Amino acid sequence: MEKIKNFIVKNKYTIILSIILLIGFGIRIIGIADYPNALNVDEASAGYDAYSILTTGHDRNGNFLPVYFVAWGSGQSVLLSYLMIPFIALFGLSTLSIRLPMAIISCISLVVFYLLLKEISNKKMALIGLVFFAICPWHILKSRWGLDCNLFPDFILFFIYFLVKGLNSKKKIYYYLSFVIAGLSAYTYGTSFFFLPLFIIPLLILLVYKKEITIKQSIISLFIVFIITLPLILFVIINTFNLPQINLPFMTIPRLSANRYEQVTSIFSGNFLGNSISNFINSIKVLLLQYDELDWNALYGFGTTYVFSTFFCIIGLLVSLIKKNKQTEIKYSYIFSICLIISILLMFVCEPNINRLNIIFIPIIYFTVLGIYLIVCSCKKIMSILIIFIYLISFSAFIPTYFQQDWDNYFTFENNLEEVVQYISTLNKEKIYITNKIKEPYIYVLFYSKYPSQEFFNTVEYYNPNVGLRQVKHFGNYYFGNIEEINSSNSSCAYVIKKKDLNQYNINTNDFKITEFEKYLVIENK
């Protein structure tokens, strides 16, 4: 017993660190196939395109190894889908296989954030930061489903860590690796096109000024990022100036059917100043309330980082600006300051929601941790106990609230179509009509049936192929739209409708074979 006690005392820090990591990993990975309990349309899109590339080398729009997906028409970032491919190869196309990459990357982020804080400060701040990051609602929520844009903050965090590691150790391999990661981050989300140059160029200038790096190193760094992002630079040029897409033997730089960023940014709007101010004001509201009315981004009452954490964030910001004592002189803290400033500029450009503003949470979390650390170091032990108690209570309330959410209530999520699609894919029917009272029902048919992507590309017809969100009219024997009537005279047809809508059709149920699922009915002519 004495040996055990001595072991615990001697290794107390390591034991606490291990427990926190286990909790953080567990809450991000355990049960991800079932919670969220519904599949999002963008998840299904990213997963199906990954499956298509795995099986054919082309995405569902016929592009060979694209640097950006056409997806719905206005585009979707590719990196998360490419990371899904080995998991789909191992486990098949499923909810689990397409959510695992995000969960694993998010778990790695916990370790990286801890190591980063240890590099720039000390073990105490690193442990405080790890605890906060492990129980952070925003990071937990985004970890558990496969939305492409949510990779962006993780990759910027990785960039900062390897940059700092390289600067501290004077090892160029870490330093230059950081800029490889920065370049790859451009493939995680479109806002990176705006963020990266405005973040990296001033940062390099400052590092040269501080004599942390040479001018030669800064030029090589920019060259690395430029080479890696060149396909996306060409992609932006093609889609800004309506040029034809580039088809190379080893990749495709696609032309989209519509430029999404004209729709969701103020840069291309007719009222740039007015829209920019409106975007900024609304972004401030989202950040202060920590809620954007999209419960898959933040749960009301808990927010992104727990609403009361704003107090600690402000303290961290103010004290880092004032720099009163050596405690606040954390090495390379200015990297987070630059990140915050560019993130604030982004608030003018993008129509706000938590996904589009996600990069700002890296500096927000850092300054929140800094605020907590400074209070813990400056106040009596009772204050530390109080802070731990508040966060423990909040986390304990957040977890059951999260797992009790029914994501199927959200229009962009769907949890009752897998069995339906598997059933109708066995039917030998000339036409299968599927209600459009489902968000993009065709992507669920593709995903759950593992429909051959080449056949989809060859047979698909859109209602309007030249818009940002193309509605599929039909592919193969599947037809999508408003089902106005169910005709009993044609035995080669089947219909998929919501169960609650049956009464709106004037049909004699004896004339049909009706197969019942939880929310849907499959109606076949006898």
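Structure's up top.
As a starting point, this report considers the structure included with it. (Residues numbered from 1 in each chain as written. Predicted model: local features only at pLDDT ≥ 70, side-chain atom pairs only at ≥ 80, totals over all residues. Heavy atoms only, no water.)

1. Looking at the overall build of the chain
Then comes step 1: Along its length, the chain carries 20 helices and 11 strands.
Then comes step 2: Computed over the C-alpha atoms, the radius of gyration of the chain is 25 Å, within 12% of the 24 Å expected from 2.2 N^0.38 for a compact globule of 526 residues.
Then comes step 3: Across its three principal directions, the C-alpha atoms of the chain cover 85 × 60 × 50 Å.
Then comes step 4: Looking at the chain as a whole, 55% of its 526 residues qualify as buried. (Helix = DSSP H or I, 4+ residues; strand = E, 2+ residues; numbered from the N terminus. Rg over C-alpha atoms; globule rule 2.2 N^0.38 Å. Buried < 20%, exposed > 50% of the residue type's maximum accessible area, 1.4 Å probe, protein only.)

2. Some thoughts on the pairing of strand β10 (residues 512-516)
Then comes step 1: Of the strand pairs in this sheet, β10 and strand β11 (residues 520-525) are connected by 5 bridges, and their pairing is antiparallel. Bridging across to β11, K513 finds its partner in E524.
Then comes step 2: With antiparallel pairing between neighbouring strands as the criterion, β10 and β11 make up a hairpin whose turn holds 3 residues. (Pairing = 2+ DSSP bridges.)

3. Comments concerning empty space enclosed by the protein
To find the voids left in a structure, one rolls a probe of water-molecule size over its atoms.
Then comes step 1: Enumeration over the complete set of coordinates arrives at 1 cavity of 30 Å³ or more.
Then comes step 2: Forming the boundary of the largest cavity are W138, L141, K142, W145, N150, W296, N297, I354 and N355.
Then comes step 3: For the lining of the largest cavity, the per-class residue count stands at 5 nonpolar, 3 polar and 1 charged. (1 Å grid on protein atoms, 1.4 Å probe; cavity = no way out; pocket = protein on both sides within 12 Å on 5 of 7 lines; lining within 4 Å. Points joined across faces, edges and corners; volume = space filled by probe spheres on them. Nonpolar A, V, L, I, M, F, W, Y, C, P; charged D, E, K, R; others polar.)

4. What to know about the nonpolar core
Then comes step 1: Judged by nonpolar contacts, the single largest core of 165 residues is most densely connected at I160, F199 and F475.
Then comes step 2: Top contributing element to this core by residue count: helix α16 (residues 361-378), with 13 residues.
Then comes step 3: Counting residues in hydrophobic clusters, the runner-up holds 11 residues, among them I486, L502, F512 and L521. (Core = buried A, V, L, I, M, F, W, Y, C linked by side-chain atoms within 4.5 Å.)

5. What about the environment of I523?
Then comes step 1: Summarising the element assignment, I523 is placed in strand β11.
Then comes step 2: Spatially, the C-alpha atoms of I523 and I399 are 40 Å apart, while their sequence positions differ by 124 residues.
Then comes step 3: With sequence-adjacent residues up to four places away left out, I523 is seen in contact with I486, C493, A494, Y495, I497, L502, I507, F512, K513 and I514. (Contact = heavy atoms within 4.5 Å.)

6. Details of the environment of Y402
Then comes step 1: With respect to the helices and strands, Y402 occurs in helix α17 (residues 381-403).
Then comes step 2: Here Y402 falls in the buried class, since its relative accessible area comes to 1%.
Then comes step 3: Through-space distance from the C-alpha of Y402 to that of L234 is 41 Å; in sequence the pair is 168 residues apart.

7. Overview of the packing of helix α10 (residues 192-209) against helix α15 (residues 333-349)
Then comes step 1: Where α10 contacts α15, the axes come no closer than 10 Å and their chain directions differ by 150°. Classified by the angle their axes make, α10 and α15 are roughly antiparallel. The element α10 and its partner α15 pack so that their crossing is right-handed. Here α10 contributes F194, F195, L198, F199, L203, L206 and L207 to the contact with α15, which in turn contributes Y334, I335, I338, C339, I342, S343, L345, L346 and V349.
Then comes step 2: Here the residues of the contact of α10 with α15 are counted per class, giving 15 nonpolar, 1 polar and no charged. (Axes fitted to C-alpha atoms, helices over the stretch in contact; angles between N-to-C directions. Parallel < 35°, antiparallel > 145°, perpendicular 65-115°, else oblique. Left-handed = near helix turned anticlockwise from the far one by under 90°.)

8. Some points on the sheet that holds strand β7 (residues 472-475)
Then comes step 1: Read across the sheet, 7 strands follow the order β6-β7-β8-β5-β9-β11-β10 without closing on themselves; strand pairing throughout is mixed. On the outer flanks of this sheet lie β6 (461-462) and β10, each paired with one strand and no other.
Then comes step 2: Relative to strand β8 (residues 478-481), β7 is paired through 2 bridges, and the arrangement is antiparallel. When the bridges of β8 are listed, H474 appears paired with Y479.

9. Digging into the pattern of salt bridges
Then comes step 1: All told, the structure shown has 9 salt bridges when counted by the stated rule.
Then comes step 2: Beyond isolated ion pairs, a larger network of salt bridges with shared partners links D408, E414 and K519. (Salt bridge = Lys/Arg side-chain N within 4 Å of Asp/Glu carboxyl O.)

10. Overview of the state of the cysteines
Then comes step 1: All chains considered together, the criterion is met by 0 disulfides.
Then comes step 2: Considering cysteine sulfurs only, C136 is the nearest to C107, which forms no disulfide, with 14 Å between them.
Then comes step 3: For C107, a relative accessible area of 6% translates into the label buried.
Then comes step 4: Lacking any disulfide linkage, C377 is separated from the closest cysteine sulfur, that of C379, by 9.6 Å. (Disulfide = S-S within 2.5 Å.)

11. Examining the packing of aromatic side chains
Then comes step 1: For the structure shown, the criterion picks out 50 aromatic pairs.
Then comes step 2: Ring geometry for Y444 and Y448: centres 6.4 Å apart, planes at 15°, overall stacked. Of this pair, Y444 and Y448 are both found in helix α19 (residues 441-449), 4 residues apart, which corresponds to roughly one turn of the helix.
Then comes step 3: Positioned over the ring face of W72 is R60, at 5.1 Å from the centre of the ring.
Then comes step 4: The ring of Y462 is capped by R470, whose NZ or CZ atom sits 4.3 Å from the centre of that ring. (Phe/Tyr/Trp six-rings, centres within 6.5 Å; stacked < 30°, edge-to-face > 60°. Lys NZ or Arg CZ within 6 Å of the ring centre and 35° of its normal.)

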